[in-house]
Amino acid sequence: MSSLSQVAPGYRAHHTLPLRVEAVRQLRRRRTLVMGLVLALLPFVLVAAFAIGGTPEGREGVTLMTTATASGANLAATALFVSAAFLLVVPVALFCGDTVASEAGWSSLRYLLAAPVPRARLLGSKLAVALAFSAAAMVLLPLVALGVGTAAYGWGPLRMPTGGELPIGDALVRLALVVLYIFLSQLVTAALAFWLSTVTDAPLGAVGGAVGLTIVGNVLDAVTALGSWRDFLPAHWQFAWADALQPHLEWGGMVKGVSVSVAYALVLLAFAFRGFGRKDVVS
């Protein structure tokens, strides 16, 4: 680095590839706009479905779907309920799995490193922006659902399927907690996609691999014969956020879910940074 400083006075490694530049690049990509549009349209699809099929009240089973039309807050909760298991996994895998692999696919990765951008700096910038976009996707869905639901069903308390209501102020806090939990629980998917993105030049391989392994985790969690081994599967805790929408907030399941997700994520990110630091980048 000292010889580089002599050749290029004023060079600062921490000034290369600013987050703002990377964020603008990612924001302008078509897949970002398409993903945002899909998430923004989901609440409208739900409202249209309820308008065509009638109110979900009184149907079999007690879930958030049975109270979806009670208020805007209920529609926001329902949107999270129907999308948490898969739809919200897709933007996380897309933003984190496409970020490095796409540069390799475009044969621009080696030019970024020759700029020169330190490898750890490049990965850190891309990971930070990818996580920020993933978080924005998770915030966008309930925000749009809250607005659409309020317009369609009114502004009111969150009616719980098991009975009782949460005042709207408390409901908004609980919904924010739900979004935070979903984001933290998806860190394992983000880290898996990011690691795959550093070992392949095919963005679809990294994204598809992360989504595929997430689906495998859901399948394994459905195998009750595994017993307590399922506690080590991130998928086992994917709906632990439902405890936040109870009269008395329960933290146990959410703490376990976040712990499992973060533990896996740290290991996978360590693999990503270590492997990419030693990788011979030729694309």
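Below is a short write-up of the structure. All figures in this text were calculated on a predicted structure; none of them were measured in a lab. (Residues numbered from 1 in each chain as written. Predicted model: local features only at pLDDT ≥ 70, side-chain atom pairs only at ≥ 80, totals over all residues. Heavy atoms only, no water.)

## What to know about the layout of surface pockets
How we decide: The definitions used throughout rest on a 1 Å grid laid over the protein atoms alone, on which a cavity is an enclosed set of points accommodating a 1.4 Å probe that cannot get out and a pocket is an open set flanked by protein within 12 Å on both sides along at least five of seven lines; lining residues are those having an atom within 4 Å of a point. Grid points are joined across faces, edges and corners, and a volume is the space filled by probe spheres set on the points. To qualify as a helix, a DSSP run of H or I must reach at least 4 residues; to qualify as a strand, a run of E must reach at least 2; elements of each kind are numbered from the N terminus. Residue polarity follows a fixed list, in which Ala, Val, Leu, Ile, Met, Phe, Trp, Tyr, Cys and Pro are nonpolar, Asp, Glu, Lys and Arg are charged, and the others, Gly among them, are polar.
What the largest pocket holds in volume is close to 400 Å³. Taken together, 22 residues line the largest pocket, and the ones lying closest to its centre are Val188, Leu213, Thr214, Pro234 and Ala235. Secondary structure elements with two or more residues in the lining of the largest pocket: helix H9 (168-185), helix H10 (187-199), helix H11 (203-221) and helix H12 (252-278). A total of 5 residues in the lining of the largest pocket trace back to one element, the largest contributor, which is H11. Classifying every residue of the lining of the largest pocket gives 15 nonpolar, 7 polar and no charged. Of the pockets and cavities examined, the second largest pocket occupies roughly 190 Å³. Lining the second largest pocket are 12 residues; nearest its centre among them are Thr63, Leu64, Pro161, Ala242 and Gln246. A breakdown of the residues in the lining of the second largest pocket according to their chemical character gives 9 nonpolar, 3 polar and no charged.

## Focus: the environment of Cys96
Heads up, the condition is: In this description, contact between two residues means that some pair of their heavy atoms is separated by no more than 4.5 Å.
Mapped onto the elements, Cys96 comes out in helix H5 (residues 89-98). Taking C-alpha positions, Cys96 is 6.8 Å from Leu127, a pair spaced 31 residues apart along the chain. Setting aside its immediate chain neighbours within four residues, Cys96 contacts Ala130, Leu131, Ser134, Ala190, Ala193, Phe194 and Ser197.

## Overview of the packing of helix H8 (residues 119-153) against H10
Going by this rule: Here the axes come from fitting lines to C-alpha atoms, over the contacting stretch only for helices, and the angles between their N-to-C directions go from 0 to 180 degrees. Throughout, the term roughly parallel applies to angles under 35 degrees, roughly antiparallel to angles over 145, roughly perpendicular to angles from 65 to 115, and oblique to all others. When the near helix sits turned anticlockwise from the far one by under a right angle, the crossing is termed left-handed; a clockwise turn instead gives a right-handed crossing.
Between H8 and H10, the shortest axis-to-axis distance is 11 Å and the interhelical angle comes to 140°. By the angle between their axes, H8 is oblique relative to H10. Our pair here, H8 against H10, has a crossing hand that is right-handed. In this structure, H8 contributes Leu123, Lys126, Leu127 and Leu131 to the contact, and H10 contributes Leu187, Ala190, Phe194 and Thr198. The residue inventory of the contact of H8 with H10, partitioned by class, reads 6 nonpolar, 1 polar and 1 charged.

## Some words on the packing of aromatic side chains
Stated formally: Two aromatic rings, drawn from Phe, Tyr or Trp (for Trp, its six-membered ring), form a pair once their centres lie within 6.5 Å of each other, and the interplanar angle then sorts them: stacked below 30 degrees, edge-to-face above 60, tilted otherwise. Each residue gets one of three labels from its accessible area relative to the maximum for its type: buried under 20%, exposed over 50%, partly exposed in between, using a 1.4 Å probe on protein chains only.
Taken as a whole and judged by the stated rule, the model has 6 aromatic pairs. When the ring of Phe81 is compared with that of Phe239, the centres are 5.9 Å apart and the planes differ by 50°; the resulting orientation is tilted. Linking Phe81 in helix H4 (residues 72-83) with Phe239 in the loop between H11 and H12, this pair joins segments that are 158 residues apart in sequence. Since its relative accessible area comes to 33%, Phe239 is described here as partly exposed. A ring pair is formed by Phe239 and Trp241, whose centres lie 6.1 Å apart and whose planes are at 55°; its orientation type is tilted. On the basis of relative accessibility, which here comes to 1%, the residue Trp241 falls in the buried class. Site record: aromatic cluster; members linked through ring pairs are Phe81, Phe239 and Trp241.

Scope: geometric values only; no functional claims are made or implied.
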